[in-house]
Amino acid sequence: MNPIYSVGIDIGGTNTDIGIVNEAGQCIDRCNLSTPAYGDNAELYMDDLVKAINGLLQKHGITEIKGVGIGAPNGNYFNGTIDNAPNLKFKGEVKLRDTLHAKMGVKVVVTNDANAAAYGEKIYGGGKNMNDFIMFTLGTGVGSGIIVDGKLVYGHDGFAGELGHAIVFPGGRLCSCGRKGCLEEYASARGIVQTCRELMAEDKSYNGPLAQLSADKLDSRAIGEAANQGDPIALKVFEYTGYVLGIAISNAVTFSSPEAIFLIGGPTKAGDVLFEPMRKSFSEHVLPIFEKKGKIPILLSQLNANDVAIVGAAALVNE
Ligand SMILES: [Zn+2]
């Protein structure tokens, strides 16, 4: 009998989420571990990870799986390792693939979370019938995964697709990577808040709902809600964010000539207030040959934002 379930793991700085995913791409059950609770003890962490996976499988009477897919910060596809991830406490290289494979005897695939999301879109989402598309993940940072000829693009060392660190404004905002003007500093949740702060500082007469929020309450979600209620500053924030994303997407398109662009993540929940200026800016900036056969659609991911990281990681075992 062919196994029908896969295990997807999303390793983050706070939590490690583990889920069982069925053939339809639904996460049927999940559990989690605290990632920082293990300090730099990667061996103990991996022992407990395997115990947690086995516990979850036993609970559902599942004896066979297709494999384990893992999305992790600085996840290296070729080596199956996590390499010096800045937001994890583990030091150096963590040999995740080889260790889990030895303990479980199944296929194990490691990559970064944006690649996992893109592959999830390919296997279970709106990219099912597409061989070429690019997915952007907007969240704490901005990630991207590039599908060409039906496959994820990994590049020479496994780190291809870092479009969040494409420079959109030379000399612009200081990025977490140490350079200035990366897309991430404008289109991540953090970047959106920064744009809002700058616009409010410029417009002293503004006294709308965002001006009433304390610093810790001003987040991209609140700005998105305000924009959808017609707040002028919030609308300007998304107009600007859409403008910048449109430029970045038009540049990305020149690289791989995709059939579509997908976006996922908290800031995309703002909806049309983001997508309309983004599509307009994209049309203004894209090289005309890419619009000859009609516009390249910029679409919202069809994956469920709550479990995309798990479902995307689980999809990797189908590679
Ligand atoms: Zn950067």
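No experiment lies behind these values; they were computed from the predicted model shown. (Residues numbered from 1 in each chain as written. Predicted model: local features only at pLDDT ≥ 70, side-chain atom pairs only at ≥ 80, totals over all residues.)

Asks: Now, about the domain arrangement of the protein: what can you tell me, with residues and values included?
Replies: By domain assignment, the protein separates into domain 1 (6-120 + 307-318) and domain 2 (129-300). Measuring from the centre of the C-alpha atoms in domain 1 to the corresponding centre in domain 2 gives 28 Å. Counting residues at the interface gives eleven residues for domain 1 and twelve residues for domain 2. Per-class residue counts for the side of domain 1 that touches domain 2 are seven nonpolar, three polar and one charged. (Domains from an automatic or database assignment. Contact = placed C-beta atoms within 7 Å. Nonpolar A, V, L, I, M, F, W, Y, C, P; charged D, E, K, R; others polar.)

Asks: So what's going on with the sheet that holds strand β13 (residues 298-300)? Residues and values would help.
Replies: Within the open sheet, the five strands sit side by side as β11-β10-β9-β12-β13. Their pairing is mixed. Looking along the sheet, the strands with just one partner apiece sit at the ends: β11 (151-152) and β13. In the sheet, strand β9 (residues 133-138) pairs with strand β10 (residues 142-148) via six bridges, with the strands oriented antiparallel. Pairing of L138 across the sheet is with V142, part of β10. (Pairing = 2+ DSSP bridges. Helix = DSSP H or I, 4+ residues; strand = E, 2+ residues; numbered from the N terminus.)

Asks: Account for helix α10 (residues 308-315), naming residues and giving values.
Replies: Burial of α10 is extensive: eight of the eight residues sit out of reach of the surface. What α10 keeps buried is the set V308, A309, I310, V311, G312, A313, A314 and A315. Residues of α10 that are buried make contact with β1 (6-11), β2 (15-21), β3 (27-34), β4 (67-71), α3 (113-124) and β12 (260-264). (Buried ≥ 20, exposed ≤ 12 C-beta atoms within 10 Å, placed from the backbone.)

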